[in-house]
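# Observations on the model geometry
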Amino acid sequence: MPIKIPNDLPAVQTLADENIFAMTETRAITQDIRPLRILLLNLMPKKIETETQLSRVLGNTPLQIELTLIRTSTHVSANTAMDHLLAFYKTFDDVKDERFDGLIITGAPVEQMEFEEVDYWDELCRIMAWSETNVHSVMHICWGAQAGLYYHYGIPKKPLKEKLFGVYPHRADYARSMLLRGFDDVFYVPHSRHTTVERADIEAVPELQILASSERAGVHIVYAHKKRQFFIMGHAEYDPLTLDAEYRRDLNAGLPIHVPEHYYPDDDPSKAPVVNWRAHGNLLYTNWLNYFVYQSTPYDLAAL
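Residues numbered from 1 in each chain as written. Predicted model: local features only at pLDDT ≥ 70, side-chain atom pairs only at ≥ 80, totals over all residues. Heavy atoms only, no water.

On a plain count of helices and strands, the protein chain comes out with 10 helices and 12 strands. Counting across all 304 residues of the protein chain, residues that qualify as buried make up 55%. In the protein chain, 73% of the contacts between residues at least 6 apart in sequence involve partners at least 24 apart. (Helix = DSSP H or I, 4+ residues; strand = E, 2+ residues; numbered from the N terminus. Buried < 20%, exposed > 50% of the residue type's maximum accessible area, 1.4 Å probe, protein only. Contact = heavy atoms within 4.5 Å.)

Here's what the structure looks like:
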């Protein structure tokens, strides 16, 4: 089944070129079906890139998805045209009286700031508090995961000596989790961050369970069973050239950056990267939508 997205969203053509069935609003209203309502809080500066990446993995499932995009009203993006934001994005105030099957909170390039220093922190806290009563299951990604663990469970993030940057092997800590169903014994995930969350801090909270981790990248997936919350430290949704673009951006800006680890063949940036995370990235989102959203969400969202 397709993902339902706004008629003129740039992702429509991108997904069509990749043979991913994206249904526009005009076509969707002709079908008598109850789609899963997924809310995407996009905190990334390049919003079109992020919304396309997540539309791709959400659209590669047998379920019909109705995707609603929201942004913070307390921060204006400098990297996305205002006409795009006004055309395709709502604010929290626009949706706060609605209910959703799922919510995705993305990462943001503010991880080296204290949470309370982020200009939209209070607004994000309101959204996370609201999600406990108005959303069936929530997936937090990268900085969004660190923010969620801090807000809900008081777990701090810690600075790394240098940026964690590359594609790393991971293993399941709890292989019986339905989120990891079908995963290989070793699977790969891109990471790009300056901070981390310590395993000991997570294990000290009884409500939390570590599902997967990496010797090099640390904790990857954390699950809060009672609240159906997931905290994902990596970027399984990344495009093949996302890390390449980040590397060349920082290099050209004169910032301290090393070649992304385990990304280019022979660590040679002149060679095209080999994608070894796409299958598990798609499976991650398919399993979340199937086992933690579709199979347990009420048909009438008023019953949440």
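Of all 11 residues that make up helix α7 (residues 143-153), nine are buried, and the element is covered over most of its length. Turning to α7, its buried residues number three or more, namely Trp-143, Gly-144, Ala-145, Gln-146, Ala-147, Gly-148, Leu-149, His-152 and Tyr-153. Among the residues trailing α7, Gly-154 stands out with phi positive, at a value near 70°.

A few words on the environment of Asn-42. Tracing the backbone shows Asn-42 in the loop between β3 (36-41) and α3 (47-58). When the C-alpha positions of Asn-42 and Ile-104 are compared, they lie 8.2 Å apart, and in sequence the two are 62 residues distant. When residues no more than four places from it in sequence are discounted, the contact partners of Asn-42 are Lys-47, Thr-50, Glu-51, Ile-70, Tyr-89 and Thr-106.

Moving on to the nonpolar core. Counting residues in each nonpolar core, the largest one holds 35 residues, and the members touching the most others are Ile-104, Ile-221, Phe-230, Tyr-285 and Trp-288. When residues of this core are assigned to their parent elements, the largest contribution, six residues, is made by helix α10 (residues 278-294). If we ignore the near neighbours within four places in the chain, the residues touching Trp-288 are Ile-38, Leu-58, Gly-102, Leu-103, Ile-104, Ser-137, Val-138, Met-139, Leu-179, Phe-230 and Val-293. Counting residues in hydrophobic clusters, the runner-up holds 24 residues, among them Val-110, Val-118, Ile-127 and Ala-147. (Core = buried A, V, L, I, M, F, W, Y, C linked by side-chain atoms within 4.5 Å.)

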